[in-house]
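Understanding the architecture of this molecule
Chain by chain, the residues:
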Protein chains: 2
Amino acid sequence: MAALVECVPNFSEGRNTSIIQQILTPFFTTPGVKLLDYKPDQDHNRTVVTIMGEPGSVKRAVIEAAGTAIQHIDLKNHRGAHPRMGAVDVVPFIPLQDYSMAEAVELARDTARTLAQQYDLPVFLYEKAATAASRENLANIRKGEFEGLAEKMLQPEWKPDFGPQSPHPSAGASVVGARMPLIAFNINLNTKQLEIANQIARSIRHSSGGLRYCKAMGVELKQRGIVQVSINMTDYTRTSLYRVFEMVKFEARRYGVEIVGSEIIGLTPMEALIDAAAYYLRIEDFSLNQVIEKRMLE
Amino acid sequence: MAALVECVPNFSEGRNTSIIQQILTPFFTTPGVKLLDYKPDQDHNRTVVTIMGEPGSVKRAVIEAAGTAIQHIDLKNHRGAHPRMGAVDVVPFIPLQDYSMAEAVELARDTARTLAQQYDLPVFLYEKAATAASRENLANIRKGEFEGLAEKMLQPEWKPDFGPQSPHPSAGASVVGARMPLIAFNINLNTKQLEIANQIARSIRHSSGGLRYCKAMGVELKQRGIVQVSINMTDYTRTSLYRVFEMVKFEARRYGVEIVGSEIIGLTPMEALIDAAAYYLRIEDFSLNQVIEKRMLE
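Residues numbered from 1 in each chain as written. Chains lettered and ligands numbered in written order. Predicted model: local features only at pLDDT ≥ 70, side-chain atom pairs only at ≥ 80, totals over all residues. Heavy atoms only, no water.

Residues and elements named next belong to chain B. Two numbers describe how helix H1 (residues 17-29) lies on helix H2 (residues 55-72): the axes approach to 7 Å, and their chain directions differ by 165°. Compared by their axis directions, H1 and H2 come out roughly antiparallel. As for the relative orientation of H1 and H2, their crossing is right-handed in sense. For the pair H1 and H2, the contacting residues are Ile19, Gln22, Ile23, Pro26 and Phe27 in the first and Ala61, Val62, Glu64, Ala65, Thr68, Ala69 and His72 in the second. Taken together, the residues of the contact of H1 with H2 sort by class into eight nonpolar, three polar and one charged. (Axes fitted to C-alpha atoms, helices over the stretch in contact; angles between N-to-C directions. Helix = DSSP H or I, 4+ residues; strand = E, 2+ residues; numbered from the N terminus. Parallel < 35°, antiparallel > 145°, perpendicular 65-115°, else oblique. Left-handed = near helix turned anticlockwise from the far one by under 90°. Contact = heavy atoms within 4.5 Å. Nonpolar A, V, L, I, M, F, W, Y, C, P; charged D, E, K, R; others polar.)

Take a look at the structure:
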């Protein structure tokens, strides 16, 4: 098996099509890299890109795209709904196949070092690549955003892991790291009451006493006239999808509310779904090696 | 994507390790072929092999292994619990990736022709490769087994598709075809009464009024003191695993019996399980393109 890594770089440009195209170019043209998805968001003024490929090639493509982004994006004039502190805002690496988390962390550090050297950019490491517990959570690092960055970086605890001690004048700073695949799993409820979705979100998410690898919040789906528990599963190998689903079901029951459907947004590893099938079909001793596609990838 | 085909040749030797090893050699050594599994069964005196790979290479390896089997296996002295009529008893091809059923049928016919010419062996085509409705079902072709073959082949309707009009003296005849991946899915019940498993099998299987792509029978699991509905799913894309599972559950209820677990024997396509996950998790509009492994295979 060849080593494969996924990377989901977030660039702070979601409106100027010409700039977005230039940033994307290396993801279309670098051999050994496959562009899986990209979503320019005008409200967020941000483009989230999903690529996968041979680790060295993925790194090269990201460095090249970052160069274009740093050249063209000026955070001083950037407005958008999504929090951001850099032109190349976040770059997570996700090990997919024949590649350990330790190797993904090494790739993240290596990429961060090159970004810092090549573009004179401060770079912070986060998640599994973090060098301090306070830097594991992206939200902590990004708090204050681009506008607060210069002042924040004066504090010794916010010295970047690589690069200069002050923000890049137009491109701010970047956050690079390694993490597990994240599954965006939303569960829809047959009620209009946002408060019910929020209550359920509170009871299932880690931060308020719920499941260890689960983030959740309530969201209104105005067009459909229902609400949703919007969930991020941050480690599906430890916190299973079916467990979250069953919890939402029994929590909803106390409000006389039922699940009407769910959605998976973007990509998911097959294992997360096969795990759910094995639970509901009560399959004893199932091994992923029994899945033809798993064997095809070997 | 490269074309990939699976092949599950059944050889009528399950006891003589040296002969089995010789038959298996081309599956270990042919470039472009991957040996996924092999199961010599002493009671059945039969070895079932699962390989996959590039279609031309798979054909070459099967032809070579068949040569060894025909040379070493003498059906006149063969005893075993499993019905058989040839040294190379059955050879189904299963399209896996970037390969249509029509192409698998062509590969089956091509392999059958070569087998017949090279080894002076009568070969029948079955399942999707069958040349008559009466030859779709393997059991129909094999009825009478090796011992009844010479007489059966005197009838005009049992003229083989390729090769001589009478059995090979020691190797009988072979059956070659193309089919969908078959999933062996067994459901265990908390009762010792075989009759209950048989009744449920009757109500879910196609042959007695049940689901179109489902074969089933009751089996005793003596060691565990329970019974099992032993199921073959012959087209999981049309008859879903979860549908069979839910049917067994509601049929069992009338006997006051419950499902205690299930097993998948051997290989399964990921789609069959993901389909079940999507049902139980009520995922709306899920696409297989959202599965990372699917994209990795592209």
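Glancing now at the pattern of salt bridges. All names here are of chain A. Tallied over the entire structure, the rule returns 26 salt bridges over all chains. Two residues, Glu195 and Arg202, come together in a salt bridge whose shortest N-O distance is 3.0 Å. The exposure class of Arg202 is partly exposed, given its relative accessible area of 33%. When salt bridges with common partners are traced through the structure, they connect Arg46, Asp89 and Arg142 into a single cluster. (Salt bridge = Lys/Arg side-chain N within 4 Å of Asp/Glu carboxyl O. Buried < 20%, exposed > 50% of the residue type's maximum accessible area, 1.4 Å probe, protein only.)

Residues and elements named next belong to chain A. Inspection of the secondary structure puts Ala3 in the segment before strand E1 (4-7). Judged by relative accessible area, which is 25%, Ala3 ranks as partly exposed. Separated by 51 residues in sequence, Ala3 and Glu54 have C-alpha atoms that sit 6.1 Å apart. In this structure Ala3 touches Gly53, Glu54, Pro55, Gln97, Asp98 and Tyr99, once residues within four positions along its chain are discounted.

Between chain A and chain B, the superposition needs a rotation of 179° and an axial shift of 0.0 Å, giving an RMSD of 0.1 Å. Seen this way, the second copy is the image of the first under a two-fold rotation axis. No C-alpha of chain A lies nearer the rotation axis than that of Ala277(A), which sits 2.3 Å from it. Of all interface residues in chain A, 100% are interface residues in chain B too; the two copies therefore contact each other through one and the same surface. (Least-squares fit on C-alpha atoms with pLDDT ≥ 70 in both.)

All right, on to the sheet that holds strand E11 (residues 259-265) of chain B then. Residues and elements named next belong to chain B. The antiparallel open sheet is built from four strands, whose spatial order is E9-E10-E8-E11. One side of each edge strand has no neighbouring strand; the edge strands of this open sheet are strand E9 (214-221) and E11. Looking at each pair of strands side by side, their axes are set apart by 20° on average, direction ignored. Sheet analysis places strand E8 (residues 183-189) next to strand E10 (residues 226-233), joined by seven bridges and oriented antiparallel. (Pairing = 2+ DSSP bridges.)

Right, let's talk about the domain arrangement of chain A for a bit. According to the domain assignment, chain A consists of domain 1 (5-178) and domain 2 (183-296). One C-alpha centre belongs to domain 1 of chain A, the other to domain 2 of chain A, and the line joining them spans 28 Å. (Domains from an automatic or database assignment.)

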